Amino acid sequence: MRIARRVTRAILAALALPAILLTLWWVLTADSESYYLPPLSEILAAVDDVWLHSDRLSADVLPSVLRLFGGFLLAVVIGVALGVAIGSSRRLRAFCEPVLEFLRAIPPPVLVPVLMLVAGIGDTMKVLVIVSGCVWPILLNTVEGVRAVDEVLVETARCYGVRGPSRLWNLVIRSASPQIVAGLRQGLSIGIILMVISEMFAASNGLGFSIIQFQRTFAVTEMWTGILLLGLLGFLLATLMRLFERRALNWYFGLRQAQRGGSR
Amino acid sequence: MTSTLTAPARASRAGAASRAARGTTLLGVLGFATFLALLEVVPRSGLVSPDYLPPLSRIGVALAELAGEAGFWTAIVDTVQGWFLGLAIAVAAGIAAGFVIGTIPVLREFTASTIEFLRPIPSVALIPLAVLVFGSELRSVLLLVIYAAFWQVLLQVLYGVQDVDPVAQETARTFGLHRWARIRHVTWPTALPYVLTGVRLAAAVALILAITAELIIGAPGLGNEIGVAQSGGAVARMYALVIVTGLLGVAVNVLARRLERWLLSWHSSLRREVA
Amino acid sequence: MSIMSETRTQTADPRTEALLDVRGVRKVYEGHGRSVEAVRDLTFTVARGELVCVVGPSGAGKTTLLKCIAGLLAPTGGEVVLEGTAVDGPSPGMAVVFQEYGRSLFPWMSVRKNVELPLKQKKLPRARRAELVHQALDAVGLGDVQSAYPWQLSGGMQQRVAIARAIAYEPHILLMDEPFAAVDAQTRADLEDLVRSLWHRLGVTTLFVTHDIDEAVYLGQRVLVLSAAPTVVLDDIAIDLPDERDQLTTRSSARFAELRAQVFAQIQRAKKHHAGADHP
């Protein structure tokens, strides 16, 4: 009984506020004459036509997501590889640090016009833009993580002949993984922003392109559906990231809790 | 084994440390010089066409020209204004909301799902809405900056409030401290480092969004200048502007970190005096 | 754990071959223009099958010495010879148990994986690995927590995992660096008996470093007393206590008290020697 009540309460807590907000939105906009704020009922009704009964899912959403994944994965590979190299060598770190400080401080969206020059307005440009934005948080967090590898663990690995690729994975990367994952999370949210911006700035398809087209043609209801879809995409990707984090860092959360004396 | 080290040994360690620090600085300067040299040599050697990446010297000339234009300085002021206003509002709102939600368990329980849903929504999704409602002016920039920066602050404040030691909280209660006194003397000091982390993160995100808004919406500022330079084919000028945004970013990071360190040290020294 | 199934006869055989030969090891840490001599001259041997304790005041280069032997640090002078071969890096013939149990186990691996990882590096076949892991964990009394993470265990159990990892590695010599300095007294007594029993059952040569005189006398067949830094060997005391030892009777015996006093006197001398060195 008690468990059932707790579950009920948890469900209520999770759904109450969203339900209230949506109802408010629905009711307050029901008779809306405002040009910018069409009734929620109209927006939801339009989702079907605009996204589901058209080729937009495959022609716009899919390319966006593929570019995001491509750019993100590339950034992960580059960021972790460089991060491990730089983090492992004090000299290399001293050599690179000022340049990295400068490069990561450049707001990534300004690279859209720069990369457009080099790579045109095709997929290559967009993937490059995403890579150039995602790579910094991943790289810098990896460097921090690799620097912080416990000295006793390093000696343990040496004693027991753990070296080469096994050392890289079992010692360095696993040990830095909490920081690496933090970098991935930051990188992903920047990646989504860049995916949208690169499409808004110059593109012929994509989610960002569709939304900006709707706005330019004053198709406000359609634009709203696009905004909702983009929000949903952001939420979904963040949820996937969290699931991944729970799995990959299971040990870390447990360890931290154990260190805190099991409180909370 | 450090306990065995005698005074000269410790002195030699300090000496080695300062020498190492000097070596680090030297390597850093060398690294930056290499980076600059590459920016000059790569386009000159034809490895990358100078049409895409002009040699550093030409970017330098463009930068000098920019510095002589009143419009450039106005653009910087515009960008900084949008950044600062948006950040200030987001920080104030984030701290207020964070403390209210964080210190009242029921609120925390019932807002968690909504926060988790709204936070990852990319603020750039609001661009078309901002354009329609506000056009290409400061308010558009502010909308994006505030939305993006607010969550950074709010989340950190929530972490901070959650991190309060239950024992300290209990102690305060047994000493009969009221809710306000508890927030002021127990919750706030614990949460402060988190708040400052939130401000630091928000400052960087706010700059990104301010410049993005200018670039995409066309609100006045550095981002807009970059867009204009790009569409006008003024490549060197565009790179010069990109470098300026980078310097601005470095300045924001350095300032935020300074502020954080200064406030924290001031805070802890204050606490020590009280104790 | 006090009853041994097979008691080994420990006769002082003069022909016993030296397994580990530490010859004139010296270690100087180089700073900026200055240098610190941590270890001046250490010479001793450990015979095959021996259990030797090294005890010294805190600040004697005990850890430095152990790291030199393990090949983790290169000595400035002298050499360490293991089974006739000079040590110039970590060797598969040695396994180390560190003091910081919480930091020497991989927190992202289960207990089983922690013990198995070094065996994978040795390229042992899967079946053999499973067998060794199983035996080692059983030997330290942890057969039933194989899939737990180290941080889910108590400090004493974590150190047992580290010991299991070391014996599963099948080293020719087991090096232990103040392994029980960070656990509570009761656990410590249990772990000391565990070390004795493992040594009996497996016959693995053990070099046990500690700052605790009682522990050294209780565990060892021989106790090497080190001076304060710069370290030399002050004395090499044979512990002629009966081979069957237990916490109560052994520690309360008259001979134990004598040996303890003997080592204690040496340590006091070591400290004075150190004080003299400080103020020439």
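Read on for a plain summary of the structure.

Regarding the overall build of chain B
The number of helices and strands found in chain B is ten helices and zero strands. Start at the N end of chain B and walk to the C end: the helices and strands fall as α-α-α-α-α-α-α-α-α-α. Taken over C-alpha atoms, the radius of gyration comes to 24 Å for chain B, far larger than the 19 Å a tight globule of 275 residues would show. In chain B, buried positions account for 38% of the 275 residues. Here the analysis covers contacts within chain B between residues at least 6 apart in sequence; of these, 72% occur between residues at least 24 apart.

A short note on the nonpolar core
All names here are of chain B. Counting residues in each nonpolar core, the largest one holds 216 residues, and the members touching the most others are Leu 144, Val 145, Ala 149 and Ala 206. No other element matches the 18 residues that helix H8 (residues 179-217) contributes to this core. The contacts of Val 145, once residues within four sequence positions are left out, are Gly 82, Trp 83, Gly 86, Leu 87, Ala 90, Ala 206, Leu 209 and Ala 210.

Observations regarding the interface of chain C and chain A
Taken together, the contacts link 20 residues of chain C with 17 residues of chain A. Elements supplying a minimum of two residues to the side of chain C that touches chain A: strand S6 (94-97), helix H2 (101-104) and helix H3 (111-121) of chain C. Ranked by the residues each element gives to the side of chain C that touches chain A, the list is headed by H3(C), at three residues. Of the residues contributing to the side of chain C that touches chain A, the split by class is 15 nonpolar, three polar and two charged.

Quick look at the pairing of strand S4 (residues 77-82) of chain C
Residue and element names in this part refer to chain C. When strand S1 (residues 18-30) meets S4, the two strands line up antiparallel, connected through five bridges. Across the sheet, the residue bridging to Asp 21 is Val 81, located in S4. As defined by bridge partners, S4 adjoins strand S5 (residues 85-86) across two bridges and the pair is classed as antiparallel. Bridge pairing in S5 links Val 81 to Ala 86. The turn joining S4 and S5, which pair antiparallel and follow one another in sequence, is formed by two residues; a positive phi near 50° is taken by Glu 83.

Some details on the packing of helix H8 (residues 165-201) of chain A against helix H9 (residues 207-216) of chain A
Residues and elements named next belong to chain A. At a minimum axis distance of 7 Å, the contact between H8 and H9 shows a crossing angle of 50°. Judged by the inter-axis angle, H8 sits oblique to H9. In this structure, the crossing between H8 and H9 has a hand that is right-handed. Contact with H8, carried on its side by Met 195, Val 196, Ile 197, Glu 199 and Met 200, involves Leu 207, Gly 208, Phe 209 and Ile 212 of H9 and no other residues of that element.

Brief notes about the sheet that holds S4(C)
Residue and element names in this part refer to chain C. Spatial strand order, S5-S4-S1-S2-S10-S9-S3-S8-S7-S6: ten strands in an open sheet with mixed pairing. Each of the sheet's edge strands pairs with one partner strand only, and the pair in question is S5 and S6. Relative to strand S7 (residues 173-177), helix H1 (residues 62-70) is tilted by about 155°, and along the sheet it contacts S1, strand S2 (35-47), strand S3 (51-55), S4, S6, S7, strand S8 (205-210), strand S9 (222-226) and strand S10 (231-238). Contacts from helix H5 (residues 155-168) reach S6 and S7, with the element oriented near 175° to S6.

Some words on the packing of helix H3 (residues 56-88) of chain A against H9(A)
Residue and element names in this part refer to chain A. Where H3 meets H9, the axes come as close as 7 Å, and the angle between the chain directions of the two elements is 120°. On the basis of their axis angle, the class for H3 and H9 is oblique. Of the residues in H9, those in contact with Arg 56, Asp 60, Val 61 and Ser 64 of H3 are Leu 207, Gly 208, Phe 209 and Ser 210. Tallied by class, the residues present in the contact of H3 with H9 amount to three nonpolar, three polar and two charged.

Let's talk about the interface of chain A and chain B
On the side of chain B, 43 residues touch chain A, which itself brings 44 residues to the contact. For the side of chain A that touches chain B, the secondary structure elements donating two or more residues are helix H1 (2-28), helix H4 (90-105), helix H5 (111-119), H8, H9 and helix H10 (220-248) of chain A. Within the side of chain A that touches chain B, the residues separate by chemical class into 37 nonpolar, four polar and three charged.

Regarding unusual backbone geometry
Leaving glycine out, the prevailing phi sign among residues is negative, and the prevailing peptide bond configuration is trans. Residues and elements named next belong to chain C. The phi angle at Glu 83 is positive, at roughly 50°, despite the residue not being glycine. Among the structural elements, Glu 83 can be located in the loop between S4 and S5. Of note, the phi angle at Glu 170 is positive, near 50°, even though the residue is not glycine.

Focus: the environment of Phe134(B)
Residues and elements named next belong to chain B. You can see Phe 134 is positioned in helix H5 (residues 127-134). Here Phe 134 falls in the partly exposed class, since 16 other C-beta atoms lie within 10 Å of it. Residues contacting Phe 134, with those up to four places away along its chain left out, are Arg 139, Ser 140 and Leu 143.

Structural notes on the pairing of S7(C)
Consecutive side chains of a regular strand alternate in pointing toward one face of the sheet and then the other. Residue and element names in this part refer to chain C. Buried residues dominate S7, accounting for five of its five residues. Of the two faces of S7, both are covered, the one formed by Ile 173, Leu 175 and Asp 177 as well as the one formed by Leu 174 and Met 176. Pairing of S6 with S7, which is carried by four bridges, proceeds in the parallel orientation. Counted as the bridge partner of Met 94 is Ile 173 from S7.

What about the environment of Leu138(B)?
Residues and elements named next belong to chain B. Residue placement: Leu 138 occurs in helix H6 (residues 138-162). Separated by 118 residues in sequence, Leu 138 and Ala 20 place their C-alpha atoms 48 Å apart. The contacts of Leu 138, once residues within four sequence positions are left out, are Gly 82 and Ala 219.

Rules used in this analysis
- Residues numbered from 1 in each chain as written.
- Chains lettered and ligands numbered in written order.
- Predicted model: local features only at pLDDT ≥ 70, side-chain atom pairs only at ≥ 80, totals over all residues.
- Helix = DSSP H or I, 4+ residues; strand = E, 2+ residues; numbered from the N terminus.
- Rg over C-alpha atoms; globule rule 2.2 N^0.38 Å.
- Buried ≥ 20, exposed ≤ 12 C-beta atoms within 10 Å, placed from the backbone.
- Contact = placed C-beta atoms within 7 Å.
- Core = buried A, V, L, I, M, F, W, Y, C linked by C-beta atoms within 7 Å.
- Nonpolar A, V, L, I, M, F, W, Y, C, P; charged D, E, K, R; others polar.
- Pairing = 2+ DSSP bridges.
- Axes fitted to C-alpha atoms, helices over the stretch in contact; angles between N-to-C directions.
- Parallel < 35°, antiparallel > 145°, perpendicular 65-115°, else oblique.
- Left-handed = near helix turned anticlockwise from the far one by under 90°.

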